[in-house]
Amino acid sequence: MKRCWKNWLKAAGIRAIKTVAQTAVATIGTSAVIAEVDWIMVGSAALLAGVLSLLTSLAGIPEEVADAEVVEGEVEGDA
């Protein structure tokens, strides 16, 4: 059970970091010039996207399910 929790946390963390980066790039891209970027808006939008990603991951993460199936297959194959 502890292994499942670690796998979920790793997968959810990776997904959240990717979401934060994508949101930051998209928000920065809305400015015509880098000097006009509202960095507070970029940070808050990226942080909110990361939180929403983690909350969405509570419903389930396909990567974690795939990893669990592989682990179960290895255990069954060993028996």
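My aim in this report is to walk through the structure given alongside it, one point at a time. Numbering of residues begins from 1 in every chain and follows the order in which that chain's sequence is written. It should be noted that, the model being predicted, local features are given only for residues of pLDDT at least 70 and side-chain atom pairs only at 80 or more, the latter also being counted only at that level, while totals for whole chains, interfaces and linings use all residues. Heavy atoms throughout the structure, all of them, feed into the side-chain values; hydrogens and water do not.

**Focus: the overall build of the chain**
Here is step 1 of the chain: Put simply, DSSP marks the helices as runs of H or I at least four residues long and the strands as runs of E at least two long, and each gets a number from the N terminus on. In terms of helices and strands, the chain carries three helices and zero strands.
Here is step 2 of the chain: Start at the N end of the chain and walk to the C end: the helices and strands fall as α-α-α.
Here is step 3 of the chain: Long-range contacts, defined here as pairs at least 24 residues apart, represent 69% of the contacts in the chain between residues at least 6 apart.
Here is step 4 of the chain: On the chain, roughly 5,900 Å² of surface is accessible, and the fraction owed to carbon and sulfur atoms is 68%. Contacts are residue-level and defined by heavy atoms, with any inter-residue pair within 4.5 Å sufficient. Every accessible area reported is derived by Shrake-Rupley at a probe size of 1.4 Å, with residue values counting cover from the shown protein chains alone.

**Notes on the packing of aromatic side chains**
Here is step 1 of the chain: Under the pairing criterion, centres of Phe, Tyr and Trp rings, with the six-membered ring standing for Trp, must be within 6.5 Å; the plane angle then separates stacked pairs below 30 degrees from edge-to-face pairs above 60, leaving the rest tilted. Tallying each qualifying case throughout the model produces one aromatic pair.
Here is step 2 of the chain: Centroid distance Trp-5 to Trp-8: 5.6 Å. Interplanar angle 20 degrees. Geometry classified as stacked. Of this pair, Trp-5 and Trp-8 both sit in helix 1 (residues 2-28), separated by three residues, roughly a single helical turn.
Here is step 3 of the chain: The exposure class assigned to Trp-5 is exposed, which follows from its relative accessible area of 53%.
Here is step 4 of the chain: Relative accessibility decides the category of a residue: with a 1.4 Å probe and only protein chains considered, values under 20% of the type maximum give buried, values over 50% give exposed, and everything between is partly exposed. Using a relative accessible area of 16% as the deciding quantity, one classes Trp-8 as buried.

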